[in-house]
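Structural characterization, general
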Amino acid sequence: SSATHSFCIGLTARSTAMSTIPKIMRPPLVGIGTFNHLKDAAAVGEAVRLAIAAGYRHLDFAPVHENQKECGLAITAALAAPGADVTREQLYVVSKLWCSDAAPEDVADACRKTLAELGLDYLDNYTMHWPVQMTKDSGMKDGKLEYTLVHQGERKKIAETYAAMEALVDAGLVRSLGVANFDVRMLGELMQDCRIAPITNQIELHPFLSQSELTAFCATVDVHVVSYTPLGSMNVRGVDDPDLYGDSLVKRIAIELGRTPGQVLQRWAVQRGASVIDDALSPDHIVESRDVLDWAMSASQMERLDSLDIGHRFIQVPFFDFELRPPSNVNTAPPGQPLLTAGHVDKHGFYRNYFAREGKELRTDVIIRRGLLEPAELAAHGKDFFPEKCWGHPIHVVTDEAVNKIYGDQVVDGLTAAGFIVHKVVIKTDVDESGETSTEHHKTVGSMMHCSDMILQRGITKHSAIVSLGGGVVNNLAGVLAGMLYRGITLVHLPTTTMSALDAALDFKQAINHSLGKNLLGCYYPATTIAIDPDALSTLSERHSLNGVAEALKHGLTQSLELTEMIVKPLREGDPYKVIKDGAYLERLCKAALEIKAPTLTFYNNTDFNEFCPQYGHAIAHSVEHLSWSGGRHQPLLHGEAVAIGMCVSAEVALLKGVCTLSVVEEHYDLIGATGLPTYVPRTMEITPLLRQMRFDKHTVTNPTMGLVAEIGGMAMAPGGSSYAFDASEEELIAAIEANILRRDLDNLCGQCASIFAVPITPQSTPATTPQLD
């Protein structure tokens, strides 16, 4: 059975938690494996002895191979052989934790048993054989694997098993840890969860399965790759498997080099930076596999072998389905840029993260914890949100009428109890025909000047701070105020909406609206701190709750299928209104949105990927949103609702340009619609005014410029290969909007229109008024 193939991993100690552990170098590039189809343990042991004598130092074992005792005797014999010039310290010995020993309470005993069988005091590396746990009674019976699965690929259980393995390092039983068969998602999660980082990942790797995405990610996080099938597993090929060893191109390159096909295949992996493990038995095969380090293939020969990649797996096991693992989309981030910026939990239990940018100092620290806006929490930790220079100086809390009723007094009281002199400025809130509140009409120059007058009259110093308490509008207005007053004073955001917590506050950009368009006036000015209380988001209406979800989903559609599924699946399968009120769901969503957006802010200047990814759907959305607030027959749209529509129309543009397939467009409508967000241009809007308004979008030069999605979780690169910006002609925009409208009309005919704006509603418009001073 292929379920028991060997894996081999080399490691390098990186974690600060391992500072007392001797530095472990990566394993040698060539190693000996011991699978041999669970047959003839004595022959495998003899092969190990011969391999050590031939110069091998990288030895790969596994208890499931049922030959560790024989291999241990071989090590002892090789070290004691007359004239032997190798010591135990020169060997790199790897063994593995089998799936039936993956329960945390069984890990230590399993390791000690392996050490006893091998006759060793320590392992250089202990590897998790699969991201799988089986029941304790699972195992080989009469040459067949009989098992009951506990889990496959579950993050929490993997972390629990791995924590027990970390204790083995602390105890001195093993010097380093590794994993095998981990994809990008599982490896990335483990890197966040672990204390001692794995040094290697053992995977199936050969020219028929190059695993470029996974190997690139391993390089990014400094995890060494080991191929356990460098020859394409020629000894276990099924009748339908292609013959890699006998491939005509492989043979032709072997002739060119005067080498064997096996050496060519192993050199291909080594030249890509991986170690290779070959289950060689005969003396000739052992020597042949060893001799792949003192020569190299040309770039042309490597490229020709790279062209063989057909995504074929020789190793298929019944207890782990590689195809069920969600795509990781690691390549959606440009080279040199991480997909995520992982946070951590500090001594107070605060989740902390940040985003920053080189050049002019731009850095914002972010704190997330449920209950953070409670008066007692603010009294105890409020000073942590501000630089010490602000202590003892007036701070001004900018909020709106709706938020003020719920949180205004408690925030003022909490910050006052923390020792601050606190003043409050309250912006007018509008209520539209549907009963939703909005401050969008007051995100204006007039409101900004009124607020400035009040703050200056009440009194500030160069060490004062502006605190935004509210949603995206309040965040942006307060940001412009902080950037202008005294040429820049401290800014702190306390988001109370999903739009703010998931997107608007998470940026350096601060902006207000102009009569000609949205966000046309503003500046780049970083908040010192953003403090997010996920529980504060549960007081929102359903529309306002989903408003920010659209912005988080934007990053899922452009960067991560996993994030997309994390957002959509609970909303699709449960009661969306209850899910969107759940504090635990909101906390997960806040952290995930921050972690995936942070790299686009930190690495913003490196590539326009970081500009057009966060702006996905916005070129159209800004036009739709602005028109919706222009009065007349239009129903005012919240920003996220407009973005949801804009993303669907953008998908239609991508289809017209040949950037994506029809199925990707269909997925846009399905995924966005499943959340309860609108997907169609409102019936009250005509195409010509939408196009006219797009001229005022900041990304419009000759035509509107936008990012497009090639597949769910992946941005498309524009022709030329250096930019993610696509120029959308007027003809393409008209056709895309018409396609969206046709879908809307067909859905209405079927009674399935997801948009709450299918029927025109006449709103009541409230003119901008002067903010109130408390």
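About the criteria used
- Residues numbered from 1 in each chain as written.
- Predicted model: local features only at pLDDT ≥ 70, side-chain atom pairs only at ≥ 80, totals over all residues.
- Heavy atoms only, no water.
- Helix = DSSP H or I, 4+ residues; strand = E, 2+ residues; numbered from the N terminus.
- Areas by Shrake-Rupley, 256 points an atom, 1.4 Å probe, with all protein chains shown as cover.
- Phe/Tyr/Trp six-rings, centres within 6.5 Å; stacked < 30°, edge-to-face > 60°.
- Lys NZ or Arg CZ within 6 Å of the ring centre and 35° of its normal.
- Buried < 20%, exposed > 50% of the residue type's maximum accessible area, 1.4 Å probe, protein only.
- Arc of directions from axis to C-beta.
- Contact = heavy atoms within 4.5 Å.
- Axes fitted to C-alpha atoms, helices over the stretch in contact; angles between N-to-C directions.
- Parallel < 35°, antiparallel > 145°, perpendicular 65-115°, else oblique.
- Polar contact = N/O pair within 3.5 Å; in protein donor to acceptor, adjacent residues only side chain to side chain.
- Core = buried A, V, L, I, M, F, W, Y, C linked by side-chain atoms within 4.5 Å.
- Left-handed = near helix turned anticlockwise from the far one by under 90°.
- Pairing = 2+ DSSP bridges.
- Patch = residues over 30% accessible without salt bridge, like charges linked within 9 Å, V, L, I, M, F, W, Y side chains within 5 Å.
- Salt bridge = Lys/Arg side-chain N within 4 Å of Asp/Glu carboxyl O.
- pLDDT = per-residue confidence, 0-100.
- Right-handed = clockwise from strand over helix to strand, strands pointing away.

1. Points about the overall build of the chain
- When its secondary structure is counted, the chain shows 25 helices and 29 strands.
- Working note: accessible area of the chain is about 29600 Å², and carbon and sulfur atoms make up 52% of it.

2. Considerations on the packing of aromatic side chains
- For the structure shown, the criterion picks out eight aromatic pairs.
- Ring geometry for Phe386 versus Phe420: centroids 4.7 Å apart, planes at 50°, classification tilted. Residue Phe386 is found in the loop between helix H11 (375-381) and strand S16 (394-400), and its partner Phe420 is found in the loop between helix H12 (401-417) and strand S17 (421-427); the two are separated by 34 residues along the sequence.
- Grouped by ring-pair contacts, the aromatic residues Trp98, Trp130, Tyr147, Phe319 and Phe320 constitute a single cluster.
- Positioned above the aromatic ring of Tyr354 is the side chain of Arg363, whose terminal nitrogen or guanidinium carbon lies 4.2 Å from the ring centre.
- The residue whose ring lies beneath Lys383 is Trp391, and the NZ or CZ to ring-centre distance is 4.7 Å.

3. Description of helix H10 (residues 299-306)
- Buried residues of H10: Gln301, Met302 and Leu305, and no others. One side of H10 holds all its buried residues, which, seen down the axis, span an arc of 100°. Away from its buried face by more than 90 degrees, H10 exposes Ala299 and Glu303.
- Summarising the contacts, the buried residues of H10 are in contact with helix H7 (248-257) and helix H8 (261-271).

4. Re the packing of helix H17 (residues 561-573) against helix H23 (residues 662-674)
- Direction vectors running N to C along H17 and H23 enclose 55°, while the axes themselves pass 8 Å from each other. Between H17 and H23, the angle falls in the class oblique. For the pair H17 and H23, contact is made by Thr564, Val568, Leu571 and Arg572 and by Asp670, Leu671 and Ala674, respectively.

5. A short note on the side chain of Arg543
- Tracing the backbone through its elements, the reader meets Arg543 in helix H16 (residues 542-559).
- From its side chain, Arg543 meets the backbone oxygen of Pro636 in a polar contact 3.4 Å long.

6. Regarding the nonpolar core
- Residues Phe355, Ile466, Ile567 and Ile737 are the most contacted members of the largest nonpolar core, which totals 103 residues.
- The next biggest cluster of nonpolar side chains, apart from the first, holds 92 residues, and it includes Ala62, Leu177, Leu214 and Cys218.

7. With respect to the packing of helix H5 (residues 184-193) against helix H6 (residues 212-220)
- One way to put it is that H5 packs onto H6 with a least axis distance of 10 Å and a crossing angle of 15°. As judged from the angle between their axes, H5 and H6 are roughly parallel. Judged by the twist between their axes, the crossing of H5 over H6 is left-handed. The segment H5 lies against H6, with Val184, Leu187 and Gly188 engaging Glu213, Leu214, Phe217 and Cys218.

8. Section: the environment of Ala219
- Examined against the element boundaries, Ala219 turns out to sit in helix H6.
- Considering only alpha carbons, one finds Ala219 and Thr200, 19 residues apart in sequence, at a separation of 10.0 Å.

9. A word on the sheet that holds strand S1 (residues 30-32)
- One closed barrel accounts for eight strands, arranged S1-S2-S3-S4-S9-S10-S11-S12; its pairing is parallel. Averaged over neighbouring strand pairs, the angle between their axes works out to 30° when direction is ignored.
- Its contacts with the sheet put helix H4 (residues 155-170) on strand S3 (92-97), strand S4 (125-128) and strand S9 (177-180), and the angle it makes with S4 is roughly 170°.

10. Examining unusual backbone geometry
- Phi angles above zero are rare outside glycine, and Tyr486 is one such case at about 50°.
- Mapped onto the fold, Tyr486 is located in the loop between helix H14 (472-484) and strand S21 (490-495).

11. Digging into a nonpolar patch on the surface
- Taken together, Val445, Met449, Leu516, Leu520 and Leu521 make up a surface patch of nonpolar side chains, about 370 Å² in accessible area.
- Within the residue set of the nonpolar patch, elements represented by two or more residues are helix H13 (445-458) and strand S23 (517-524).
- Assignment of secondary structure puts Met449 in helix H13.

12. Some thoughts on the confidence of the model for the chain
- For the chain, mean pLDDT is 86; residues scoring 70 or higher make up 90% of the total.
- Across residues 1-23 the pLDDT falls below 50, and counting only partners more than four positions away or on other chains, this stretch makes 105 contacts in the model.
- Every residue in residues 751-774 is under pLDDT 50, and counting partners more than four places away or in other chains gives 66 contacts.

13. Details of H6
- Restricting attention to buried positions, one finds in H6 the residues Leu214, Thr215, Phe217 and Cys218. Down the axis of H6, the sector holding all buried residues measures 160°, keeping them to one side. In this structure, H6 carries Ala219 and Thr220 as exposed residues pointing more than 90 degrees from its buried face.
- Packed against the buried residues of H6 are H5, strand S10 (200-203) and strand S11 (224-227).

14. Quick look at the pattern of salt bridges
- Applying the stated rule across the entire model yields 28 salt bridges.
- Across the salt bridge formed by Glu652 and Arg743, the nearest N and O atoms sit 2.7 Å from each other. Of the two residues, Glu652 sits in helix H22 (residues 639-656) while Arg743 sits in helix H25 (residues 730-749), which places them 91 residues apart along the sequence.
- The salt bridge partner of Lys657 is Glu732, with a shortest N-O separation of 3.1 Å. Placement of the pair is Lys657 in the loop between H22 and H23 and Glu732 in helix H25, with a sequence separation of 75 residues.
- The network of salt bridges with common partners includes Asp503, Asp507, Lys509, Glu551, Lys554 and Lys597.

15. Quick word on the pairing of strand S22 (residues 509-514)
- Note: S22 against S23, five bridges, orientation antiparallel. Of the residues in S23, the one forming a bridge with Ala511 is Gly522.
- Hairpin geometry of S22 and S23 is characterised by an intervening segment of two residues between the two adjacent antiparallel strands.

16. What to know about the pairing of S11
- Alternating positions in S11 separate into two faces, His224 and Val226 on one and Val225 and Ser227 on the other, with burial throughout.
- For S10 and S11, the ladder comprises four bridges, and the chain directions are parallel. In the strand pairing of S11, Thr200 is matched with His224.
- Since S10 and S11 lie parallel, the crossover through H6 that links them has a hand, and here it is right-handed.
- Two elements, S11 and strand S12 (residues 275-278), share two bridges in a ladder whose sense is parallel. Within S12, the residue paired with Val226 across the bridge is Ser275.

17. Considering the environment of Glu146
- One can find Glu146 in strand S7 (residues 144-146).
- For Glu146, a relative accessible area of 43% puts it in the partly exposed group.
- Once the C-alpha coordinates of Glu146 and Met134 are considered, the two residues, 12 residues apart in sequence, prove to be 9.8 Å apart.
- Aside from chain neighbours lying at most four places away, what touches Glu146 is Ser138, Gly139 and Lys141.

18. Quick word on the side chain of Thr364
- Structurally, the position occupied by Thr364 is in strand S15 (residues 362-368).
- On the accessibility criterion, Thr364 (0% relative accessible area) is buried.
- A polar contact is formed between the side chain of Thr364 and the backbone oxygen of Ala527, at a distance of 2.6 Å.

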